[in-house]
Amino acid sequence: MAYESGILLESGTNELEIVEFEVAGSRYGINVIKVKEIIVPMPITPIPHADPAVEGIIQLRGEILPVISMERVLGMGQSANPQNDKYIVSSFNKQQVVFHVHNVTMIHRISWDAIEKPSGAYSTETSPVIGVIKLGGDMMLLLDFEKIVMEISPETGIRLEQIKKLGKRERSDKRLLVAEDSPLLRKLLQTTLSEAGYERVEFFENGKDALTYLEKVAETGDVADTIQLVITDIEMPQMDGHHFTRRIREHKGLAKLPVIIFSSLITDELKHKGTSVGADEQISKPEIAELVLKIDQYVI
């Protein structure tokens, strides 16, 4: 079953659609944009010495895809009703991955500002939870699937060696703003941007906090004297990157700020969304060297 949604044609609404699935009776969500299709389980070929969370590989329409067990990733019990198990075939970061879950139930359309970021009391840097969604008296957890895959296969993430190939650089007089909700990605971006010479970087966990900061800066004078460029993810609680970009373009004091969207959701099919809200560039994670070269073009 493939998912198609009218929301994919809209831009900057600060809304998303989430596919709800279950693992051991608990409810989780994945952005519908990442979901190519949902299929019933099929025979798996085990891979010797693979990560414990990887069940093996399947062949789907001629493509070899890894299958990740979400019950193993989340440390949950086995499926009580294996006949309901499903494979979520997903696509992000220029790769396809299959997630084995216990059931897929429904799709929810919600606003990003209805998603709360995890509290430090029950979330850590190692947690895959990036958002808590209240659904009446129940809750659903939004998971960081990029983090899940990166921890299983580190080479799929941002790599420092890509920056080292650019050679010694001096950009310390430039100041950037980054909106990125993942603690892991913020740390990786801080390390790689510093290696690239950009040591003055302001990090924010979502577009809402970043916009509030920029608006305050704009009240005191020319924002370009403080921030030379904005980098934003798309998926973030409170305010997503598309809406954040649109708000920058609509603000008289911020409209000229260069904005680069750096996200796992950048595809040929979805680039029109970033274009329509006024992004200057759109780069797919984990292409960090390409990101740095684009930054160079706008802040020199």
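Above: the structure in question.
Here the structure is a predicted model, which means the values were calculated and not measured. (Residues numbered from 1 in each chain as written. Predicted model: local features only at pLDDT ≥ 70, side-chain atom pairs only at ≥ 80, totals over all residues. Heavy atoms only, no water.)

J.: Just checking my understanding: could you explain helix α4 (residues 183–195) for this structure?
T.: Because an α-helix completes one turn every 3.6 residues, residues spaced three or four positions apart along the sequence face the same direction. Taking 1.5 Å per residue as the helical rise, α4 with its 13 residues ought to reach 18 Å, and the 18 Å between its terminal C-alpha atoms agrees with that figure. Looking at α4, one finds that the buried residues are Leu184, Leu185, Arg186, Leu189, Thr192 and Leu193. Just downstream of α4 lies glycine 197, where phi reads positive at about 105 degrees. (Helix = DSSP H or I, 4+ residues; strand = E, 2+ residues; numbered from the N terminus. Expected span 1.5 Å × (residues − 1). Buried < 20%, exposed > 50% of the residue type's maximum accessible area, 1.4 Å probe, protein only.)

J.: Sorry if this is basic, but what is going on with the packing of α4 against helix α8 (residues 288–299) here?
T.: Packed helices, taken two at a time, are described by their axes: the angle between them and the distance between them. At a minimum axis separation of 11 Å, α4 and α8 run at an interaxial angle of 55 degrees. Looking at the two axes, α4 sits oblique to α8. In terms of crossing hand, the pair formed by α4 and α8 is right-handed. Residues Leu189, Thr192 and Leu193 of α4 form the contact with α8, whose participating residues are Ile288, Leu291, Val292 and Ile295. Within the contact of α4 with α8, the residues separate by chemical class into six nonpolar, one polar and no charged. (Axes fitted to C-alpha atoms, helices over the stretch in contact; angles between N-to-C directions. Parallel < 35°, antiparallel > 145°, perpendicular 65-115°, else oblique. Left-handed = near helix turned anticlockwise from the far one by under 90°. Contact = heavy atoms within 4.5 Å. Nonpolar A, V, L, I, M, F, W, Y, C, P; charged D, E, K, R; others polar.)

J.: Please clarify how empty space enclosed by the protein should be interpreted in this entry.
T.: Empty space left among the atoms is revealed by rolling a probe the size of a water molecule over them. Considering all chains together, one arrives at two cavities of 30 Å³ or more under this definition. Here the second largest cavity is characterised by a volume of approximately 90 Å³. Lining the second largest cavity we find Ile130, Asp144, Glu146, Glu180, Asp181, Ser182, Leu185, Asp233, Glu235, Ser264 and Lys285. Class assignment for the residues of the lining of the second largest cavity results in two nonpolar, two polar and seven charged. (1 Å grid on protein atoms, 1.4 Å probe; cavity = no way out; pocket = protein on both sides within 12 Å on 5 of 7 lines; lining within 4 Å. Points joined across faces, edges and corners; volume = space filled by probe spheres on them.)

J.: Quick question: what am I supposed to make of unusual backbone geometry here?
T.: Comment: phi is negative for the bulk of residues other than glycine, and the bulk of peptide bonds are trans. Of the consecutive residues lysine 285 and proline 286, the connecting peptide bond is found in the cis state with omega at 5 degrees. Position of proline 286 relative to the elements: it lies in the loop between β16 (281–284) and α8.

J.: Explain the pairing of strand β2 (residues 26–31) here, please?
T.: The two faces of the sheet receive side chains in turn, since in a regular strand these alternate between them. Sheet analysis places strand β1 (residues 15–23) next to β2, joined by six bridges and oriented antiparallel. Across the sheet, residue valine 23 finds its bridge partner in β2, namely serine 26. Taking the residues that link successive antiparallel strands as the turn, the β1-β2 hairpin has two residues, and the phi of alanine 24 there is positive, at about 55 degrees. Across two bridges, the pairing between β2 and strand β11 (residues 138–143) is parallel. The partner of tyrosine 28 across the bridge, within β11, is leucine 141. (Pairing = 2+ DSSP bridges.)

J.: What is the right way to read the pairing of strand β13 (residues 200–204) from this model?
T.: Sheet analysis places strand β12 (residues 175–179) next to β13, joined by five bridges and oriented parallel. Residue pairing across strands places alanine 179 opposite phenylalanine 204, the latter belonging to β13. In terms of handedness, the path from β12 via α4 over to β13 forms a crossover that is right-handed. (Right-handed = clockwise from strand over helix to strand, strands pointing away.)

J.: Please clarify how the side chain of histidine 243 should be interpreted in this entry.
T.: With respect to the helices, strands and loops of the structure, histidine 243 is situated in helix α6 (residues 241–250). Given the relative accessible area of 10%, histidine 243 is considered buried. The residues touching histidine 243, leaving out its near neighbours within four places in the chain, are Gly12, Thr13 and Asn14.

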